[in-house]
Amino acid sequence: RWHASVRTCATTACFGPPTYHGAWTGADETCLLLGTVSEVFGSSFRYGRQWLGEDGHEWALEFTTEVGAGSKKLLTGIDLVSLDEAGKIKEFTVLARPPNAVALLKDEMMRRVPMRLAAMKAKKAMKTKKLAMILRAYIKDKYQKVERQFYLQKEQEKCLRKFKFRKKIWKN
């Protein structure tokens, strides 16, 4: 199947959902949304017709699925997928209909995404903070080493001056 060839999302991946007016940017965000929507769709999700570009990096994939916990509305749509040269998703746009099924999809996503997105951002912030602490410690260590070398160099220069001065005195 085509999706077996997709390894992951590119770092600049862009996801355009049918439930939101703007696009989401970033590999983590795109993968989070794709993973969440696959949970919402569950086992009812099916791809139908598929159109692939000549280079294999552009896809249009028709799908059908059911959404909504109790009412189970049929949702049909098309995934427009672009891959980069490494085979990673760089753009994923979803077109879907009918509006009432898209509204149910939005409700389901709004129940799941905000908490997961917040957790992902908190995890990223912790990594960034940890990285900053490591970087600060590294810089401090390097600074101290340079400072020590500078101090030793100055001490050596003082000793040399004293030695040269004494050498002059001994000659006279």
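Values in this document were obtained by computation on a predicted structure and should not be read as measured data. (Residues numbered from 1 in each chain as written. Predicted model: local features only at pLDDT ≥ 70, side-chain atom pairs only at ≥ 80, totals over all residues. Heavy atoms only, no water.)

Okay, the overall build of the chain next. Helices and strands together make up the secondary structure of the chain, namely two helices and six strands. For the chain, the succession of helices and strands along the chain, N to C, is β-β-α-β-β-β-β-α. Considered along the principal axes of its C-alpha atoms, the chain spans approximately 105 × 40 × 25 Å. Residue pairs at least 24 apart in sequence account for 47% of intrachain contacts in the chain once pairs closer than 6 positions are excluded. In the structure as shown, the chain presents an accessible area of about 12400 Å², 59% of it carried by carbon and sulfur atoms. (Helix = DSSP H or I, 4+ residues; strand = E, 2+ residues; numbered from the N terminus. Contact = heavy atoms within 4.5 Å. Areas by Shrake-Rupley, 256 points an atom, 1.4 Å probe, with all protein chains shown as cover.)

Counted according to the given criterion, the structure contains five aromatic pairs. Ring geometry for Phe-15 and Phe-92: centres 5.7 Å apart, planes at 40°, overall tilted. Placement of the pair is Phe-15 in strand S1 (residues 9-16) and Phe-92 in strand S6 (residues 89-97), with a sequence separation of 77 residues. Note on accessibility: Phe-15 and Phe-92 belong to one class, buried. (Phe/Tyr/Trp six-rings, centres within 6.5 Å; stacked < 30°, edge-to-face > 60°. Buried < 20%, exposed > 50% of the residue type's maximum accessible area, 1.4 Å probe, protein only.)

Take the sheet that holds strand S5 (residues 73-83) next. In space, the six strands of this open sheet follow the order S2-S1-S6-S5-S4-S3, with mixed pairing throughout. With one partner strand each, in any of the chains shown, strand S2 (24-25) and strand S3 (46-52) form the two edges of the open sheet. Pairing of S1 with S2 involves two bridges; the strand directions are antiparallel. Residue pairing for S2: Cys-14 is matched across the bridge by Thr-25. Running at roughly 50° to S1, helix H1 (residues 27-41) makes contact with S1, S2, strand S4 (58-67), S5 and S6 of the sheet. (Pairing = 2+ DSSP bridges. Axes fitted to C-alpha atoms, helices over the stretch in contact; angles between N-to-C directions.)

Along the chain, the position of Thr-65 falls in strand S4. A residue is classified by how much of its surface remains accessible, and Thr-65, at 1% relative accessible area, is buried. Side chain to side chain, Thr-65 and Ser-44 meet in a polar contact 2.8 Å long. Filtering out sequence-adjacent residues up to four positions away, Thr-65 remains in contact with Phe-41, Ser-44, Phe-45, Lys-73, Leu-74 and Leu-75. (Polar contact = N/O pair within 3.5 Å; in protein donor to acceptor, adjacent residues only side chain to side chain.)

To continue, consider the nonpolar core. Core analysis: the biggest nonpolar cluster contains 28 residues, and Phe-41, Leu-75, Val-81, Ile-89, Phe-92, Leu-105 and Met-109 have the highest contact counts within it. Counting residues per element, the ones that place at least two in this core are S1, H1, S4, S5, S6 and helix H2 (99-171). Those residues in contact with Leu-75, other than ones at most four positions away along the chain, are Phe-41, Phe-63, Thr-64, Thr-65, Val-67, Ala-96, Arg-97, Pro-98, Ala-101, Val-102 and Leu-105. (Core = buried A, V, L, I, M, F, W, Y, C linked by side-chain atoms within 4.5 Å.)

Together, Glu-54, Asp-55, Glu-58, Glu-85 and Glu-91 give the surface a local cluster of negative charge. Along the polypeptide, Glu-58 turns up in strand S4. With a relative accessible area of 37%, Glu-58 lands in the partly exposed category. (Patch = residues over 30% accessible without salt bridge, like charges linked within 9 Å, V, L, I, M, F, W, Y side chains within 5 Å. Salt bridge = Lys/Arg side-chain N within 4 Å of Asp/Glu carboxyl O. Lys, Arg positive; Asp, Glu negative; His and termini not counted. Charge placed at Lys NZ, Arg CZ, Asp CG, Glu CD.)

This paragraph deals with a nonpolar patch on the surface. A surface patch of nonpolar side chains, about 330 Å² in accessible area, is lined by Trp-51, Ile-78, Leu-80 and Leu-95. Take Ile-78: it is sitting in strand S5.

On to the pattern of salt bridges. Scanning all chains against the criterion turns up seven salt bridges. Glu-39 is paired through a salt bridge with Arg-112; the nearest N and O atoms lie 3.6 Å apart. Of this pair, Glu-39 sits in helix H1 while Arg-112 sits in helix H2, and the two are 73 residues apart along the sequence. Take Glu-39: its relative accessible area is 43%, and that puts it in the partly exposed class.

Another aspect to go through is unusual backbone geometry. Note: most peptide bonds trans; most residues except glycine with negative phi. Cis geometry is found at the peptide bond from Arg-97 to Pro-98, where omega equals -5°. Turning to its location among the elements, Pro-98 is positioned in the loop between S6 and H2.

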